[in-house]
Amino acid sequence: NVVCIAFLVLWLLPKGLLVRIDPWEIGVRRSLTGGITEQDFHFGYQYSLPLVHSWYRMPRTLQYLDYNDDEPNADGRSLEVRTSANNVIFVDVTIPWRIKDGEAWRIIHEGFIGTYPQKVSSTATGILRETLAEMTNTDIYQTDKRQAMAQRILPKLNKALEQYHVEALSVVLRAIRFRPEYEQKLQDKQYFIVQGKLDEALRKESVAVQSTETVEQTIEKEINLKREEWNEKIEQLRTKYELEIATIEAEAIQYDRKPVSYTHLRAHETRH
């Protein structure tokens, strides 16, 4: 019996002195004598004295702050922003964030344990509204402008979140919308702009076609003139050569018909 009791004590004692921290958790230990231990405890079994130590478990995984029409957040649905041009826009934004490495214990120590998610939300909302208000209508419709704005927001947001010992990993602007009536006006305006550009393109095409046809006609005319000029020169040369040939043939016929003189014949016979 003593052996069984001793074995049971030895088996239970380590379990009573250890606490398990799961992989998705950050452990923060509080001591009755020393207060908050200035250290984050990670996955595994950690030393813990019963009645002396108590534990806080905080998320190690990413948290998401969402502003959209599907999932309401602390400030409502899509983020409503009034721009410098006095237009109201509705922005769908996602901000993944997490507790900074080695700083979970500071959240407990500074008394943010029950409020830091709300503080992250309110801080992000303020920064987003302040920065997005600078966007113009042109910026809203250009992808590169929206991306540049998101990149500007991130360092500004993280600087504001330092006091709560968390950090945002990115700012994703998923969609930006105007009020329905204003959206329709913008779409009509865009339609007229596109239609105007199309009409201008058709006009330029017509001018280009006319110009091309004029050039082609000019080239064809010049080719015909050159063709006539060369045909005329060829005809002149043909006539000239035909006259020369006729002259030579006439002289040859005349020479063949010319009588031979008596003196010439006698001289010929004497030589033979």
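Everything discussed here concerns the structure shown above.
Computed from a predicted model, the values in this text were never measured in an experiment.

Some words on the pairing of strand β7 (residues 79-82)
- On β7, burial follows the alternation: Leu79 and Val81 on one face are buried, whereas Glu80 and Arg82 on the facing-out side are not.
- Here β7 pairs with strand β8 (residues 88-99) via four bridges, running antiparallel. Bridge pairing in β8 places arginine 82 opposite valine 88.
- Taken together, β7 and the strand that follows it, β8, pair antiparallel across an intervening segment of five residues, in which asparagine 86 is found at a positive phi of about 65 degrees.

Description of the sheet that holds strand β2 (residues 25-31)
- Taken in spatial order, the three strands make up an open sheet running β3-β2-β5, and their pairing is antiparallel. Looking at the sheet topology across the chains shown, the edges are occupied by β3 (35-36) and β5 (53-59).
- Judged from the seven bridges that link them, β2 and β5 form a sheet pairing that is antiparallel. Its bridge partner lying in β5, valine 28 is registered against tyrosine 56.

Digging into helix α5 (residues 143-161)
- Helix length check: α5 (19 residues) gives 27 Å between terminal C-alpha atoms against 27 Å at 1.5 Å per residue, within 8%.
- Buried residues of α5: Met149, Ala150, Ile153, Leu157, Ala160 and Leu161, and no others.
- In this fold, the buried residues of α5 make contact with β8, α3 (116-132), β9 (166-168) and β10 (172-178).

Structural notes on the packing of α3 against α5
- Remark: α3 packs on α5, axes separated minimally by 10 Å, with the N-to-C direction vectors making an angle of 140 degrees. When the axis of α3 is compared with that of α5, the two are oblique. Viewed along their axes, α3 and α5 form a crossing whose handedness is right-handed. The segment α3 lies against α5, with Val120, Thr123, Ala124, Ile127, Leu128, Glu130, Thr131 and Leu132 engaging Met149, Arg152, Ile153, Lys156, Leu157, Ala160 and Leu161.
- Across the contact of α3 with α5, the residue classes tally to ten nonpolar, two polar and three charged.

Remarks on the side chain of aspartate 40
- Counting through the fold element by element, aspartate 40 comes out in the loop between β3 and β4 (44-47).
- No salt bridge is formed by the buried aspartate 40; the nearest opposite charge belongs to arginine 60, separated by 7.1 Å.
- There is a polar contact of 3.0 Å between the side chain of aspartate 40 and the backbone nitrogen of alanine 104.
- A polar contact of 3.0 Å, which involves the side chain of aspartate 40, links it to the backbone nitrogen of tryptophan 105.

Things to note about the pattern of salt bridges
- For the structure on display, the rule yields nine salt bridges.
- Aspartate 22 is the partner of arginine 20 in a salt bridge, and the nearest nitrogen-oxygen pair spans 3.0 Å.
- Between glutamate 25 and arginine 57 there is a salt bridge, with its nearest N and O atoms 2.9 Å apart. Here glutamate 25, found in strand β2, pairs with arginine 57, found in strand β5; they are 32 residues apart in sequence, far enough to count as distant.
- Accessibility expressed as a relative area gives 13% for glutamate 25, which makes it buried.

A few points about the packing of aromatic side chains
- All chains considered together, the criterion is met by three aromatic pairs.
- Residues phenylalanine 41 and tryptophan 55 carry aromatic rings whose centres are separated by 5.1 Å and whose planes lie at 75 degrees to one another, so their mutual orientation is edge-to-face. In this pair, phenylalanine 41 sits in the loop between β3 and β4 while tryptophan 55 sits in strand β5, placing the two residues 14 residues apart along the sequence.
- Ring plane angle 75 degrees and centroid distance 5.3 Å describe the contact between phenylalanine 112 and tyrosine 164, whose orientation is recorded as edge-to-face. Taken together, the residues span a long stretch of sequence, with phenylalanine 112 in the loop between α2 (104-109) and α3 and tyrosine 164 in the loop between α5 and β9 at a distance of 52 residues.
- When the ring centre of tryptophan 230 is taken as reference, the NZ or CZ atom of lysine 233 above it lies at 4.9 Å.

About the criteria used
- Residues numbered from 1 in each chain as written.
- Predicted model: local features only at pLDDT ≥ 70, side-chain atom pairs only at ≥ 80, totals over all residues.
- Heavy atoms only, no water.
- Buried < 20%, exposed > 50% of the residue type's maximum accessible area, 1.4 Å probe, protein only.
- Helix = DSSP H or I, 4+ residues; strand = E, 2+ residues; numbered from the N terminus.
- Pairing = 2+ DSSP bridges.
- Expected span 1.5 Å × (residues − 1).
- Contact = heavy atoms within 4.5 Å.
- Axes fitted to C-alpha atoms, helices over the stretch in contact; angles between N-to-C directions.
- Parallel < 35°, antiparallel > 145°, perpendicular 65-115°, else oblique.
- Left-handed = near helix turned anticlockwise from the far one by under 90°.
- Nonpolar A, V, L, I, M, F, W, Y, C, P; charged D, E, K, R; others polar.
- Lys, Arg positive; Asp, Glu negative; His and termini not counted.
- Salt bridge = Lys/Arg side-chain N within 4 Å of Asp/Glu carboxyl O.
- Polar contact = N/O pair within 3.5 Å; in protein donor to acceptor, adjacent residues only side chain to side chain.
- Phe/Tyr/Trp six-rings, centres within 6.5 Å; stacked < 30°, edge-to-face > 60°.
- Lys NZ or Arg CZ within 6 Å of the ring centre and 35° of its normal.

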